[in-house]
Amino acid sequence: MIENIVSIVQENWLLLLIGQYPNGPLGGLASTFILSVLSIVLAFPVGILLALARLSPWRAVLWPATAFVYVARGVPLLMLILWVYFMVPLLIGRTVPGFVTMLVTLVLYEAAFLSEIIRAGILALGRGQMEAARSLGHGYFGAMRWVILPQALYNMLPSILSQFVSTIKETTLGYVINVPELTFAANQINNRLLTQPFEVFAILAIVYYVICWSLTKAATTLERRIAAKRAGTRRIAPELRPQALTAEL
Amino acid sequence: MSGFDVLAVLSNPEFAGMLIAGIQMTFVIAVGSWTLAMSLGFLLLVIRQIPVPIADRFVAAYVSYHRNVPTLVQLILWYFGIYSLLPEELQYWLSDHNAEVIFAIIGLGLCQAAYFTEDLRSGLRSVPKGQVEAARALGHGHISSMRYVLLPQAYRNALPALVNHSVSLFKNSSLAMAIGASELTHAVREVENLSFRTFETYAIATVAYLVCSLLIMAVGALLMKRAQVAGAR
């Protein structure tokens, strides 16, 4: 079995790494990675806006934002993918590649989860920070930009990194709508070999494991560093710790 | 195609029947894998208490694998990989008995057990040691201090995470569609293909999922309220 795994990797490593590129669309691990990074980077500003809306006293922004977050947290990602797959071509009047469908879905989905993390981070700072900033003459946005967000985001870095790991795991769902990424590439190999499904998908699991395990490890280390740096300052109340809010797939 | 008309889907007995069958299958998978995950979560917690290093390392490896490999890949590995390694008689038996549903329950259950056991463990660890010592000093025996002091607090601390993970387990039941189980998301795609009413079909399924998720969250909030005691954080 081990020899089989080694020979599959030797014969197919390029497909697993970049898909059929340059003869076809970029796929494999490269596509998974680009999709995850783009999703989290684009979801970040949306997440901040959602978090601010969720903390706003104005119902006109509070309610839609709250509804959006609850819908995203209550509906399976797969259902959201189907919605985007159906709605985006309808809205812009032309079909889009699966990669774009998946990107749009993940940005929406991740923004909801990131907004919960950021909101918890802001709440954990306590009101004193905001009051002090306002009393020093900052306006609301000035205080957010220069005082609140830098602290909240720094403290929440480990959670954001964990969310990135979740995003990598979520990109596998692109398999359902044939987005060329790592799981799709493994499936292509399996369809060609036909006789060694266990070996092929074991390779797939190992690759994901190595990537996600390393990133999770990095998040834990980062968390310990930040905790050490903040030792002596206020501790974050357990009910505001955002780990409990992140999604797993 | 005319305007938005949910009734056009719901009043058609064929489509309504498919959607209801899908919801039923989603419940079978969700409840089945939740039960498996919770039992296994407790079992792994007990194994971890065995004072042999290998027991702890085994559970740690189990948790690490199931948390770092995407759930969909785990399901695919079960259904396409492990299935093919089984003895032939067992394969025949399974294919006669909804193999995709059985593997979905096993895959999702084993995966979620890793999350549940960690939630239970951190609930247990969050109770300060002094609590049990104080209980013993007050005359409680081992069992009694567990029953009245340690476990109620551990339960209270573990509850929020357990509820969150139960919601994600319910949502993840939709992944069973990728290995061919005819649960709600699967039924949605079939109804959509037959009725050409994509918007309505998706809306019905989305509402169904949302209502169930919110219901689980509400039950969780109720349990947390009941577990709350005066003076506790």
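Being a predicted model, the structure only gives us computed values, none of them experimental.

### Some remarks on helix α3 (residues 53-68) of chain B
Then comes step 1: Taking 1.5 Å of rise per residue, 16 residues should cover 22 Å, and α3(B) covers 22 Å from first to last C-alpha, within 8% of that figure.
Then comes step 2: Along its buried surface, α3(B) packs onto α8 (157-170) and α10 (197-230) of chain A together with α2 (13-49), α4 (71-85) and α6 (99-125) of chain B.

### Let's talk about the layout of surface pockets
Residues and elements named next belong to chain B.
Then comes step 1: Here the second largest pocket defines a volume of roughly 850 Å³.
Then comes step 2: Around the second largest pocket sit 33 residues that line it, and W34, M38, L120, L159 and L162 are the ones nearest its centre.
Then comes step 3: The element that contributes the greatest number of residues to the lining of the second largest pocket is helix α8 (residues 142-172), accounting for 12 residues.
Then comes step 4: Of the residues contributing to the lining of the second largest pocket, the split by class is 27 nonpolar, 4 polar and 2 charged.

### Looking at the packing of helix α3 (residues 59-74) of chain A against α8(B)
Then comes step 1: Contact geometry for α3(A) and α8(B): axes closest at 9 Å, N-to-C directions at 65°. As judged from the angle between their axes, α3(A) and α8(B) are roughly perpendicular. Along the contact surface, α3(A) presents A:A72, A:R73 and A:G74, while α8(B) presents B:N164, B:V167 and B:K171.
Then comes step 2: A per-class count over the contact of α3(A) with α8(B) returns 2 nonpolar, 2 polar and 2 charged.

### What to know about the confidence of the model for chain A
Then comes step 1: Summarising the model, chain A shows a mean pLDDT of 90, and 93% of its residues fall at 70 or more.
Then comes step 2: Mean pLDDT across the elements of chain A bottoms out in helix α1 (residues 2-18) of chain A (90) and peaks in helix α2 (residues 28-54) of chain A (96).

### A word on the side chain of A:Q163
All names here are of chain A.
Then comes step 1: Relative to the assigned elements, Q163 resides in helix α8.
Then comes step 2: The class of Q163 is buried, set by a relative accessible area of 0%.
Then comes step 3: Of the polar contacts made by the side chain of Q163, one reaches the side chain of E110; its length is 2.7 Å.

### Looking at the pattern of salt bridges
Then comes step 1: In total, this model carries 8 salt bridges over all chains according to the counting rule given.
Then comes step 2: Between A:R54 and A:E116 there is a salt bridge whose closest N-O contact spans 2.9 Å. On the criterion of sequence distance, the pair formed by A:R54 in helix α2 and A:E116 in helix α5 (residues 98-125) is long-range, its members being 62 residues apart. Neither residue differs from the other here; A:R54 and A:E116 are each classed as buried.
Then comes step 3: Between B:R197 and B:E200 there is a salt bridge, and its shortest N-O distance comes to 3.0 Å.
Then comes step 4: Looking at B:E200, the relative accessible area reads 2%, which means it is buried.

### Some points on the interface of chain B and chain A
Then comes step 1: Listed by partner, the interface residues are 42 residues for chain B and 38 residues for chain A.
Then comes step 2: Taken over both partners, the interface formed by chain B and chain A buries close to 3700 Å², and the fraction arising from carbon and sulfur atoms is 73%.
Then comes step 3: Interface area lost by chain B to chain A is led by B:N68, B:K171 and B:Y202, which between them contribute 16%.
Then comes step 4: Linking chain B with chain A are 0 salt bridges, by the criterion used here.
Then comes step 5: Taken together, chain B and chain A are joined by 9 residue pairs in polar contact (both at pLDDT 80 or more).
Then comes step 6: For the side of chain B that touches chain A, the secondary structure elements donating two or more residues are α3, α4, α8, α9 (184-195) and α10 (198-227) of chain B.
Then comes step 7: With 11 residues, α10(B) is the single largest residue contributor to the side of chain B that touches chain A.
Then comes step 8: Taken together, the residues of the side of chain B that touches chain A break down into 24 nonpolar, 14 polar and 4 charged.

### Remarks on the nonpolar core
Then comes step 1: Of all hydrophobic cores here, the largest spans 86 residues; its most connected members are A:L173, B:I29 and B:F103.
Then comes step 2: Counting residues per element, this core draws most heavily on α6(B), at 11 residues.
Then comes step 3: Look past the residues within four positions of B:I29 in its chain and what remains in contact with it is B:V101, B:A104, B:I105, B:L108, B:S173, B:A176, B:A181 and B:E183.

### What to know about the confidence of the model for chain B
Then comes step 1: Summary statistics for chain B give a mean pLDDT of 92 and a share of 97% for residues scoring 70 or more.
Then comes step 2: The least confident element of chain B, judged by mean pLDDT, is helix α1 (residues 6-10) of chain B at 86; the most confident is α6(B) at 96.

### Here's the deal with the side chain of B:N68
Then comes step 1: With respect to the helices and strands, the residue B:N68 is situated in helix α3.
Then comes step 2: Of the polar contacts made by the side chain of B:N68, one reaches the side chain of A:T216; its length is 3.1 Å.
Then comes step 3: Those residues in contact with B:N68 that sit more than four places away from it in its chain are A:K169, A:Y208, A:Y209, A:C212, A:W213 and A:T216.

### Regarding the packing of aromatic side chains
Then comes step 1: Throughout the structure, instances matching the rule amount to 15 aromatic pairs over all chains.
Then comes step 2: Where B:Y79 meets B:F103, the ring centres are 6.3 Å apart and the plane angle is 75°; that geometry is what we call edge-to-face. Of the two residues, B:Y79 is situated in helix α4 and B:F103 in helix α6; the sequence distance between them amounts to 24 residues.
Then comes step 3: B:Y79 gets classed as buried once you look at its relative accessible area, which sits at 18%.
Then comes step 4: In this structure B:F103 comes out as buried when scored by relative accessible area, which is 3%.
Then comes step 5: Clustering of aromatic rings is evident, with ring pairs tying together A:F201, B:W78, B:Y79, B:F80, B:Y83 and B:F103.
Then comes step 6: Stacked on the ring of A:W146, the Lys or Arg A:R145 has its end atom at 3.9 Å from the ring centre.
Then comes step 7: The side chain of B:R147 reaches across the aromatic face of B:Y148, ending 4.7 Å from its centre.

### A closer look at the packing of α3(A) against α5(A)
Residues and elements named next belong to chain A.
Then comes step 1: Axis separation between α3 and α5 bottoms out at 9 Å; the angle between their running directions is 115°. Classed by the angle they form, the pair α3 and α5 counts as roughly perpendicular. By crossing handedness, the relation of α3 to α5 is classed as left-handed. On α5, the residues touching F68, V69, A72 and R73 of α3 are L108, Y109, A112, F113, S115 and E116.
Then comes step 2: A class-by-class count of the residues in the contact of α3 with α5 yields 7 nonpolar, 1 polar and 2 charged.

Rules used in this analysis
Residues numbered from 1 in each chain as written. Chains lettered and ligands numbered in written order. Predicted model: local features only at pLDDT ≥ 70, side-chain atom pairs only at ≥ 80, totals over all residues. Heavy atoms only, no water. Helix = DSSP H or I, 4+ residues; strand = E, 2+ residues; numbered from the N terminus. Expected span 1.5 Å × (residues − 1). Contact = heavy atoms within 4.5 Å. 1 Å grid on protein atoms, 1.4 Å probe; cavity = no way out; pocket = protein on both sides within 12 Å on 5 of 7 lines; lining within 4 Å. Points joined across faces, edges and corners; volume = space filled by probe spheres on them. Nonpolar A, V, L, I, M, F, W, Y, C, P; charged D, E, K, R; others polar. Axes fitted to C-alpha atoms, helices over the stretch in contact; angles between N-to-C directions. Parallel < 35°, antiparallel > 145°, perpendicular 65-115°, else oblique. pLDDT = per-residue confidence, 0-100. Buried < 20%, exposed > 50% of the residue type's maximum accessible area, 1.4 Å probe, protein only. Polar contact = N/O pair within 3.5 Å; in protein donor to acceptor, adjacent residues only side chain to side chain. Salt bridge = Lys/Arg side-chain N within 4 Å of Asp/Glu carboxyl O. Buried area = accessible area lost by both parts, 1.4 Å probe. Core = buried A, V, L, I, M, F, W, Y, C linked by side-chain atoms within 4.5 Å. Phe/Tyr/Trp six-rings, centres within 6.5 Å; stacked < 30°, edge-to-face > 60°. Lys NZ or Arg CZ within 6 Å of the ring centre and 35° of its normal. Left-handed = near helix turned anticlockwise from the far one by under 90°.

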